[in-house]
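# Results of the structural survey
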Amino acid sequence: MLGMLLEDAVALYLHLLAKEKKMGLHYDAQKGGADFILRGGSKGIVIEVGWGKKGDRQVKKTMKKTGLTCGVVIYNGPLKKKGDVWFVPRELFLLML
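About the cut-offs
Position numbers for residues start from 1 in each chain and track the written sequence from start to end. Owing to the predicted nature of the model, reporting of local features is limited to residues with pLDDT of at least 70; listing and counting of side-chain atom pairs is limited to 80 or more, with chain, interface and lining totals taken over all residues. With hydrogens and water stripped out, all remaining heavy atoms of the structure feed into the side-chain values. Only DSSP runs of H or I covering at least 4 residues are called helices, and only runs of E covering at least 2 are called strands; the numbering of each starts at the N terminus. Every radius of gyration here is taken over C-alpha atoms, with the globule rule written as 2.2 Å times N^0.38, N being the number of residues. Accessible area is worked out with a 1.4 Å probe on protein chains only. A residue is then buried under 20% of its type maximum, exposed over 50%, and partly exposed in between. The contact rule is simple, with two residues in contact once any of their heavy atoms fall within 4.5 Å. For the accessible areas, the method is Shrake-Rupley and the probe is 1.4 Å, while residue cover comes only from the protein chains on display. When charges are counted, Lys and Arg contribute as positive and Asp and Glu as negative, whereas His and the chain ends are disregarded. Working definition for charges: the position is that of NZ of Lys, CZ of Arg, CG of Asp or CD of Glu. Strands pair, by our definition, only if DSSP identifies at least two bridges between them. Pairing of aromatic side chains here covers Phe, Tyr and the six-membered ring of Trp, requires ring centres within 6.5 Å, and sorts the geometry by plane angle: under 30 degrees stacked, over 60 edge-to-face, intermediate tilted.

## Some thoughts on the overall build of the protein
Looking only at helices and strands, the protein has 3 helices and 6 strands in total. Tracing the protein from N to C terminus, the helices and strands come up as α-β-β-β-α-β-β-β-α. The C-alpha atoms of the protein give 12 Å as radius of gyration, which agrees with the globular expectation for 97 residues (13 Å, within 12%). Dimensions of the protein along its principal axes, counting C-alpha atoms only, are 30 × 25 × 25 Å. Buried residues in the protein amount to 37% of all 97 residues. Considering only contacts within the protein whose residues lie at least 6 apart along the sequence, 43% involve residues at least 24 apart. Surface exposure of the protein reaches about 6100 Å², of which carbon and sulfur atoms provide 61%. Considering the protein, the positive charge centre built from 17 side chains and the negative charge centre built from 9 side chains are found 5 Å apart.

## Examining the pairing of strand β3 (residues 43–49)
For β3, the tally of buried residues reaches 5 of 7 residues, placing the bulk of the element in the interior. Note: strand β2 (residues 36–40) against β3, 5 bridges, orientation antiparallel. Counted as the bridge partner of Ile37 is Val46 from β3. A loop of 2 residues connects β2 with β3, the two strands running antiparallel in sequence, and Gly41 in this loop sits at a positive phi of about 70°. In the sheet, β3 pairs with strand β4 (residues 71–75) via 4 bridges, with the strands oriented parallel.

## Notes on the packing of aromatic side chains
Given two aromatic rings, one states the distance between the centres and the angle between the planes to describe the pair. Scanning the model with the defined rule gives 2 aromatic pairs in all. Their ring planes at 90° and their centres at 5.4 Å tell us that Tyr13 and Phe93 sit as a pair that is edge-to-face. Taken as a pair, Tyr13 in helix α1 (residues 2–21) and Phe93 in helix α3 (residues 90–95) lie far apart in primary sequence, 80 residues in all. Given a relative accessible area of 23%, Tyr13 falls into the partly exposed group. Under the relative-accessibility criterion, Phe93 is labelled buried at 7%. Taking the centre distance of 5.4 Å and the plane angle of 70° together, the rings of Tyr75 and Phe87 count as edge-to-face. Of the two residues, Tyr75 sits in strand β4 while Phe87 sits in strand β6 (residues 85–89), which places them 12 residues apart along the sequence.

Next up, the structure:
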């Protein structure tokens, strides 16, 4: 349940951001795809949200499918970067709201 609540909070923030910046907010309907795709023209960010530990598999799959080169995983862990994917602690993300 906490994972769904976090995903809803992220969705709200991304919706407001997309509206303000005139970007599109989508999701990857394919099984195993990322939760959100925030896109403006040819640039965008692929976002995966999880309450516990998360890997970058879903983000990378959607990045490859969409041709985007930036990914974010919001999860329970430290702030770090692995290739083109940023791992952001859920608490840090929620502080941005």
